[in-house]
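Chain residues, written in single-letter form:
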Number of protein chains: 4
Amino acid sequence: MDDATTFLNADPFSKELGIKLVTSSPGEATLQLDITDKHLNSHGTVHGGVIFSLADVAFAVASNTSGIPAVAINTNITYMKAASSGTLIAEAKEFSSNPKLGSYIVEVYDQERQKIAVFQGLAYRRSPRRQ
Amino acid sequence: MDDATTFLNADPFSKELGIKLVTSSPGEATLQLDITDKHLNSHGTVHGGVIFSLADVAFAVASNTSGIPAVAINTNITYMKAASSGTLIAEAKEFSSNPKLGSYIVEVYDQERQKIAVFQGLAYRRSPRRQ
Amino acid sequence: MDDATTFLNADPFSKELGIKLVTSSPGEATLQLDITDKHLNSHGTVHGGVIFSLADVAFAVASNTSGIPAVAINTNITYMKAASSGTLIAEAKEFSSNPKLGSYIVEVYDQERQKIAVFQGLAYRRSPRRQ
Amino acid sequence: MDDATTFLNADPFSKELGIKLVTSSPGEATLQLDITDKHLNSHGTVHGGVIFSLADVAFAVASNTSGIPAVAINTNITYMKAASSGTLIAEAKEFSSNPKLGSYIVEVYDQERQKIAVFQGLAYRRSPRRQ
């Protein structure tokens, strides 16, 4: 079992939502979620918190592929289109990384490859101090 | 039953997470969530998606108190402190509003009033066109 | 003279900063700025407001290539590396666009193609109402 | 001369824009700018880069009042109203601070106290390592 799968298996909220790993490689990750009724908001479309969480988990997987634990410190999301059924896909990609900070862009699509949201994430690495 | 309660009752994902209304007034809303195991991430602290969702729902309630339906188009969150047990509280307040856009700040605290996160939300109102 | 050049020539603050158009096409724009002493901050590196403004103008050019005037309503920038001399380049690209909103990502590089900052912009189009 | 004045005097870009300190105290700062023609965009209103820069400098002053140098790593701004003449005022206030990160909210007003923009800033402190 690879690191990304291990990481995701240890994350109760991802399981609760039904978020699944599609692929991951250094600095990148693709995840997906099958929309069910519990994911909806009062308009009958997927809740912003669900779209955010899918993007956030893709960001977490991508930013933890380096082996140095990273925690999210800031994220920003723009919602462009509502989604109400089918599968959502989030693709995370590193923009830039240094020993302390990592910056990622995540794009969220529906199954017809329509653009749902774009997410920017900043992670802080608690790298070990040099002796 | 007031509008904010009606709004929240119609929101399946808020129910799923256990988000509850504390108070609301025009342009403002306070919500809370009791942390349980399903809300945690792989570090054993509350998942960023849960903290975000609580803030996002507070923003949604505050931005829908005007009677004109508003949808989130952009949100930004900064995480300052991890939380792992107890109750989280989100307080949303309108910064500014015009016929098309509403801007809100949401502060998230734990039950000891420690600052967990700060959230900025922008909502778009699909106001009816003048005849 | 193309639209992007006309747009930029009519923008006093861009001129003041020395921002120049490199190329533009529908939904895209590349701009540059030669760093001089007036662009610096108290640390002797390029001021965050200058890096932001370069990215913001690239976003403005890219979001105004469609012919429908667009105004910025939200922007977010993450700074990954300081820059102190040479030329900065900003590349803006549309993520998604609909009749009301346009979402853009802008990457800022120095002349050695090192990643300086990443910017996310949301524009609102005051499209004419259908009769 | 206090620390905030010294900080601002050492910042060439702030001088270039005409940004002035009104007041500062630990974790807070108020700055202002008199709008002139060079601050405008192609619509004849104050350029987003100018409003941003004013907010950003207020954030920089507020986050450097602690004595530990802080650098901006992420900022987010929502524009609610255009401004074209008079004086702009930016009020920065700390949301939360720890040894590594500081989070700030900045509100921008015109001289009639109309709300122009709201800004969220995250600063990273390169605190000295314990011996």
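Note that this is a predicted model, so its numbers are computed, not measured.

What follows deals with the overall build of chain A. Check the secondary structure of chain A and you find three helices and six strands. Overall, the C-alpha framework of chain A stretches about 55 × 30 × 25 Å when taken along its three principal axes. In chain A, buried positions account for 52% of the 131 residues. Within chain A, contacts between residues at least 6 apart in sequence are counted, and of these 65% link residues at least 24 apart.

Strand order in the open sheet formed by twelve strands is 1(A)-2(A)-4(A)-5(A)-6(A)-3(A)-3(B)-6(B)-5(B)-4(B)-2(B)-1(B), with antiparallel pairing between adjacent strands. The strands lining the two open edges of the sheet, one partner per strand, are strand 1 (19–25) of chain A together with strand 1 (19–25) of chain B. Ignoring which end each strand starts from, the neighbouring axes of this sheet average 20° apart. In this structure, strand 3 (residues 70–79) of chain A lies alongside strand 3 (residues 70–79) of chain B, joined through five bridges in antiparallel fashion. Bridge pairing links asparagine 74 of chain A to threonine 78 of chain B in strand 3 of chain B. Sheet strands touched by helix 3 (residues 48–63) of chain A: strand 1, strand 2 (28–34), strand 3, strand 4 (87–97), strand 5 (101–110) and strand 6 (115–125) of chain A together with strand 3 of chain B. Its angle to strand 4 of chain A, the strand with the most contacts, is close to 45°.

In many analyses, interface size is given as the accessible surface area lost on bringing the parts together. Listed as interface residues are 27 residues of chain A and, on the opposing side, 27 residues of chain B. Residue assignment for the side of chain A that touches chain B shows that the elements contributing at least two residues are helix 2 (12–17), helix 3 and strand 3 of chain A. A total of eight residues in the side of chain A that touches chain B trace back to one element, the largest contributor, which is strand 3 of chain A. Split into classes, the residues belonging to the side of chain A that touches chain B amount to eleven nonpolar, eleven polar and five charged.

What follows covers the packing of helix 3 (residues 48–63) of chain C against helix 3 (residues 48–63) of chain D. Look at helix 3 of chain C against helix 3 of chain D: their axes get within 9 Å of each other, and the N-to-C directions meet at 155°. One element, helix 3 of chain C, and the other, helix 3 of chain D, form an angle in the roughly antiparallel class. Remark: the crossing between helix 3 of chain C and helix 3 of chain D carries right-handed chirality. Judged by residue contacts, Gly48, Gly49, Phe52, Ser53 and Asp56 of chain C of helix 3 of chain C engage Gly48, Gly49, Phe52, Ser53 and Asp56 of chain D from helix 3 of chain D. Looking at the contact of helix 3 of chain C with helix 3 of chain D, its residues break down into two nonpolar, six polar and two charged.

What follows covers the environment of alanine 62 of chain C. All names here are of chain C. Tracing the backbone shows alanine 62 in helix 3. A sequence separation of 40 residues divides alanine 62 from glycine 102, and the C-alpha atoms of the two residues are 9.8 Å apart. If near-sequence neighbours (up to four positions away) are discounted, alanine 62 is found in contact with Gly27, Glu28, Ala29, Ala92, Lys93, Glu94 and Tyr104.

Residue position: asparagine 9 of chain A is located in helix 1 (residues 3–9). A tally of 13 C-beta atoms within 10 Å means that asparagine 9 of chain A is categorised as partly exposed.

Contacts between the two partners involve 27 residues from chain C, matched on the other side by 27 residues from chain D. Every element with two or more residues in the side of chain C that touches chain D is listed here: helix 2 (12–17), helix 3 and strand 3 (70–79) of chain C. The residue inventory of the side of chain C that touches chain D, partitioned by class, reads eleven nonpolar, eleven polar and five charged.

What follows deals with the environment of phenylalanine 95 of chain A. Within the secondary structure layout, phenylalanine 95 of chain A lies in strand 4. Setting aside residues no more than four positions away along its own chain, phenylalanine 95 of chain A makes contact with Ser103, Tyr104 and Ile105 of chain A together with Lys115 and Val118 of chain C.

Our next topic: the relation of the copies chain C and chain D. Turning chain C through 180° and shifting it by 0.0 Å along the axis lays it on chain D, with an RMSD of 0.0 Å. Those values place the two copies in the arrangement expected of a two-fold rotation axis. For chain C, the minimum C-alpha distance to the rotation axis belongs to asparagine 76 of chain C and amounts to 2.1 Å. Interface residue correspondence from chain C to chain D reaches 100%, placing this contact among same-surface, isologous pairings.

Here we take up helix 3 of chain C. Between the first and last C-alpha of helix 3 of chain C there are 22 Å, a value that for 16 residues agrees with the 22 Å anticipated at 1.5 Å per step. Along helix 3 of chain C, 16 of the 16 residues are buried, which leaves the element largely enclosed by surrounding structure.

When chain A is fitted to chain B, the residual RMSD is 0.0 Å, and the transformation amounts to a turn of 180° plus an axial shift of 0.0 Å. A high fraction, 100%, of the interface residues of chain A reappear at the interface in chain B, so the copies pair face to face through one surface.

Turning next to the pairing of strand 5 of chain A. Residue and element names in this part refer to chain A. Where burial is concerned, most of strand 5 is hidden: eight out of the ten residues are buried. In this sheet, strand 5 lies alongside strand 4 in antiparallel orientation, the contact comprising nine bridges. Pairing of lysine 93 across the sheet is with isoleucine 105, part of strand 5. In sequence, strand 4 turns back onto strand 5 through a hairpin of three residues. In terms of strand pairing, strand 5 meets strand 6 through nine bridges, oriented antiparallel. By the bridge assignment, glycine 102 is partnered in strand 6 with alanine 123. Two successive antiparallel strands, strand 5 and strand 6, enclose a turn made up of four residues, where arginine 113 displays a positive phi of approximately 65°.

Take unusual backbone geometry next. Residue and element names in this part refer to chain A. With a phi close to 65°, arginine 113 is a non-glycine residue in the positive phi region. The topology assignment puts arginine 113 in the loop between strand 5 and strand 6. Residue arginine 113 is classed as exposed on the basis of its 7 C-beta neighbours within 10 Å.

What follows covers the sheet that holds strand 6 (residues 115–125) of chain C. In spatial order, the strands read 1(C)-2(C)-4(C)-5(C)-6(C)-3(C)-3(D)-6(D)-5(D)-4(D)-2(D)-1(D); together these twelve strands make up an open sheet with antiparallel pairing. Strands at the two margins of the open sheet, each flanked by one partner only, are strand 1 (19–25) of chain C together with strand 1 (19–25) of chain D. The mean inter-strand angle of the sheet, taken between neighbouring strand axes irrespective of direction, is 20°. In this structure, strand 2 (residues 28–34) of chain D lies alongside strand 4 (residues 87–97) of chain D, joined through seven bridges in antiparallel fashion.

A separate point is the pairing of strand 5 (residues 101–109) of chain B. All names here are of chain B. Within strand 5, eight of the nine residues are buried, which leaves it mostly tucked inside the rest of the structure. Two strands pair when backbone bridges link them, and strand 4 (residues 87–97) and strand 5 are joined in this way by eight bridges, in the antiparallel orientation. Following the sheet pairing, glutamate 91 is matched in strand 5 by glutamate 107. Hairpin connection, strand 5 to strand 6 (residues 115–125): the antiparallel pair is bridged by five residues, and arginine 113 has positive phi, about 65°.

Reading the values: the criteria
- Residues numbered from 1 in each chain as written.
- Chains lettered and ligands numbered in written order.
- Predicted model: local features only at pLDDT ≥ 70, side-chain atom pairs only at ≥ 80, totals over all residues.
- Helix = DSSP H or I, 4+ residues; strand = E, 2+ residues; numbered from the N terminus.
- Buried ≥ 20, exposed ≤ 12 C-beta atoms within 10 Å, placed from the backbone.
- Contact = placed C-beta atoms within 7 Å.
- Pairing = 2+ DSSP bridges.
- Axes fitted to C-alpha atoms, helices over the stretch in contact; angles between N-to-C directions.
- Nonpolar A, V, L, I, M, F, W, Y, C, P; charged D, E, K, R; others polar.
- Parallel < 35°, antiparallel > 145°, perpendicular 65-115°, else oblique.
- Left-handed = near helix turned anticlockwise from the far one by under 90°.
- Least-squares fit on C-alpha atoms with pLDDT ≥ 70 in both.
- Expected span 1.5 Å × (residues − 1).

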